Amino acid sequence: MSKQNKASLTLNILIFVFTLFAMVTMMTGYEFMSGKKVLSSTSYAAFKYFTVDSNVFAGIVSLIYAIFLILLEKGKIKQIPQVLTLLNLASTAGVTLTMMVTIFFLAPQSRFGFLPLFLNSNLFMHLVTPLLCIINFILFEQGKISFAKTTLGTLPMILYALYYIPNILLHLEDGKPTLEYDWYGFMMGNAKAALIVVPLVLLITWAFALALWGLNKKAVKERI
C-alpha cells in the first residue's frame, strides 16, 4: 500500500473510531472532561443536532472508505468509486460547516462561554473530527469531481433544513420561533428569517465544498 493510501486509511479509521467514541460518551452521559454540557443529549434526541448527524455521516463514510482502501490494496477493485468520493466531499463539507458555525456563531453567542462547546464528545464533534476530515479530503482524496458535482456537498444541509425549518414553523409561539425548537438560534425570533438563513447557510456550505475541492485539486497537482 502506498504511503498516501496508508495515511488515508489511518485517518479514516481514526475518524470512525473518534465518531463512535463521541457518540457512546454522549449517549451514555460519560464525561472525561469537567464543565457545562452544551448542545448535547443522552438520548435519541441527540440526533436533532446537525453536529451529531454530520459527524455520524462522516464516521460512516470513513468506515466505508477504509474498507474500499483495503479492497483496493488487495486488488479486489481498481479504483475508489466516484460515489464514495462525492460522499466524502459531502460529509467533509458537513463537518466543516459544523466546526465553523460553532467557532464563529455559536461559541461567541453562548452564555456559557467558548470552552463548553469543545468539552467531552463536543471536543471531537466540533473540532477534532472535522479537522481530520478536512486534512484527509484535501491531502488524500484521489477521486475526480467536476465543478457541477461540488453542489452535492450541500446535500446533508439540505436534508437537515427540510427537518429543522418545518419543525420551527410548526411550533411557533405568538408567531415567533422559540429556542426550544430553534435550538441554534438561527431565526433570532423571526420566522421570516428562514427566507434568508436557509439560502445563506446553503451558500456557505457550498463555499466550503468548493474550497475543499479546490485545495484537493491543488494538492493532487503538486504531487504529480
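My aim in this report is to walk through the structure given alongside it, one point at a time. (Residues numbered from 1 in each chain as written. Predicted model: local features only at pLDDT ≥ 70, side-chain atom pairs only at ≥ 80, totals over all residues. Heavy atoms only, no water.)

1. Here we look at the layout of surface pockets
We apply this condition: A pocket here means an open set of points on a 1 Å grid, computed over the protein atoms alone, that has protein on both sides within 12 Å along at least five of seven lines. A cavity is instead a set of points where a 1.4 Å probe fits but cannot get out; residues with an atom within 4 Å of a point line either one. Grid points are joined across faces, edges and corners, and a volume is the space filled by probe spheres set on the points. By the criteria applied, helices consist of DSSP H or I runs no shorter than four residues and strands consist of E runs no shorter than two, each listed in order from the N terminus. Gly falls in the polar group here, along with every residue not listed as nonpolar (Ala, Val, Leu, Ile, Met, Phe, Trp, Tyr, Cys, Pro) or charged (Asp, Glu, Lys, Arg).
There is about 280 Å³ of room inside the second largest pocket. Leu-97, Met-100, Val-101, Phe-104, Phe-105, Phe-186, Met-188, Val-197, Leu-200, Val-201, Ile-204 and Phe-208 together form the lining of the second largest pocket. Taken together, the elements giving at least two residues each to the lining of the second largest pocket come down to helix 3 (82-109) and helix 6 (194-223). Considered class by class, the residues forming the lining of the second largest pocket number 12 nonpolar, no polar and no charged.

2. Points about the nonpolar core
Keep this limit in mind: To form a nonpolar core, buried Ala, Val, Leu, Ile, Met, Phe, Trp, Tyr and Cys residues must be joined to one another through side-chain atoms within 4.5 Å. A simple rule labels every residue: compare its accessible area, found with a 1.4 Å probe on the protein chains alone, to the largest value its type can have, and call it buried under 20%, exposed over 50%, or partly exposed in between. It only takes one pair of heavy atoms within 4.5 Å for two residues to be counted as in contact.
The biggest cluster of nonpolar side chains holds 28 residues, and the ones touching the most others in it are Val-52, Tyr-160, Tyr-164, Tyr-184, Phe-186 and Met-187. Among the elements that take part in this core, helix 5 (residues 155-169) stands out by supplying five residues, more than any other. With near-sequence residues (within four places) excluded, Val-52 lies in contact with Met-23, Met-26, Ala-46, Phe-47 and Met-125. Among the nonpolar cores identified, the runner-up in size contains 12 residues, and Ala-93, Ile-134, Ile-145 and Ala-219 belong to it.

3. As for the packing of helix 3 against helix 4 (residues 121-140)
For the record, the criterion: Angular values range over 0 to 180 degrees, each being the angle between N-to-C directions of two axes fitted as lines to C-alpha atoms, with helices fitted over their stretch in contact. An angle counts as roughly parallel when it lies under 35 degrees, as roughly antiparallel when it exceeds 145, as roughly perpendicular when it falls between 65 and 115, and as oblique in every other case. Note: crossing handedness is left-handed where the near helix turns anticlockwise from the far helix by less than a right angle, and right-handed where it turns clockwise.
Remark: helix 3 packs on helix 4, axes separated minimally by 9 Å, with the N-to-C direction vectors making an angle of 140°. With respect to helix 4, the axis of helix 3 lies oblique. In this structure, helix 3 meets helix 4 at a crossing whose hand is left-handed. Note on element contacts: helix 4 touches helix 3 through Met-125, His-126, Leu-127, Pro-130, Leu-131, Cys-133, Ile-134 and Phe-137, opposite Thr-85, Asn-88, Leu-89, Thr-92, Val-95, Thr-96, Thr-98, Met-99 and Thr-102. Classifying every residue of the contact of helix 3 with helix 4 by side-chain character gives 10 nonpolar, seven polar and no charged.

4. Points about the side chain of Asn-136
With respect to the helices, strands and loops of the structure, Asn-136 is situated in helix 4. Among the residues examined, Asn-136 registers a relative accessible area of 3% and is labelled buried. Look past the residues within four positions of Asn-136 in its chain and what remains in contact with it is Ser-8, Leu-11, Asn-12, Ile-15 and Glu-141.

5. Description of the packing of aromatic side chains
What counts is decided by this rule: When two rings of Phe, Tyr or Trp (its six-membered ring) have centres within 6.5 Å they constitute a pair, described as stacked for plane angles under 30 degrees, edge-to-face for angles over 60, and tilted for the intermediate range.
Summed over all chains, the structure comprises 19 aromatic pairs. Their ring planes at 80° and their centres at 5.5 Å tell us that Phe-21 and Phe-124 sit as a pair that is edge-to-face. Taken together, the residues span a long stretch of sequence, with Phe-21 in helix 1 (residues 3-28) and Phe-124 in helix 4 at a distance of 103 residues. Its relative accessible area of 35% is what places Phe-21 among the partly exposed residues. Assessed through its relative accessible area of 11%, Phe-124 is described here as buried.

6. Let's talk about a nonpolar patch on the surface
Stated precisely, the cut-off is as follows: The residues that make up patches have over 30% relative accessible area and no salt bridge, and they are joined within 9 Å when like-charged or within 5 Å when they are Val, Leu, Ile, Met, Phe, Trp or Tyr. Areas reported as accessible are Shrake-Rupley estimates using a 1.4 Å probe. Residue values count occlusion only from the protein chains shown. One side-chain nitrogen of Lys or Arg within 4 Å of one carboxyl oxygen of Asp or Glu is enough to make a salt bridge.
On the surface, Leu-155, Ile-158, Leu-159 and Leu-162 cluster together into a nonpolar patch covering about 380 Å² of accessible area. Note on placement: Ile-158 falls in helix 5. Ile-158 sits in the partly exposed class, given a relative accessible area of 32%.

7. Quick look at the environment of Leu-89
Its location among the elements puts Leu-89 in helix 3. Along the sequence, Leu-89 and Ala-209 sit 120 residues apart, while their C-alpha atoms lie 6.7 Å from each other.

8. Describing helix 4
The condition is simple: A residue's bend is simply the angle between two axes: one fitted to the seven residues ending at it, one to the seven starting at it.
Maximal helix bending in helix 4 amounts to about 35°, located at Val-128; proline Pro-130 follows within four positions. Within helix 4, 14 of the 20 residues are buried, which leaves the element mostly enclosed by the surrounding structure.

9. Topic: unusual backbone geometry
Phi angles above zero are rare outside glycine, and Asp-174 is one such case at about 55°. For Asp-174, the location among the structural elements is in the loop between helix 5 and helix 6. You can call Asp-174 exposed: its relative accessible area is 80%. One non-glycine residue, Met-188, lies in positive phi territory at about 50°. With respect to the helices and strands, Met-188 occurs in the loop between helix 5 and helix 6.

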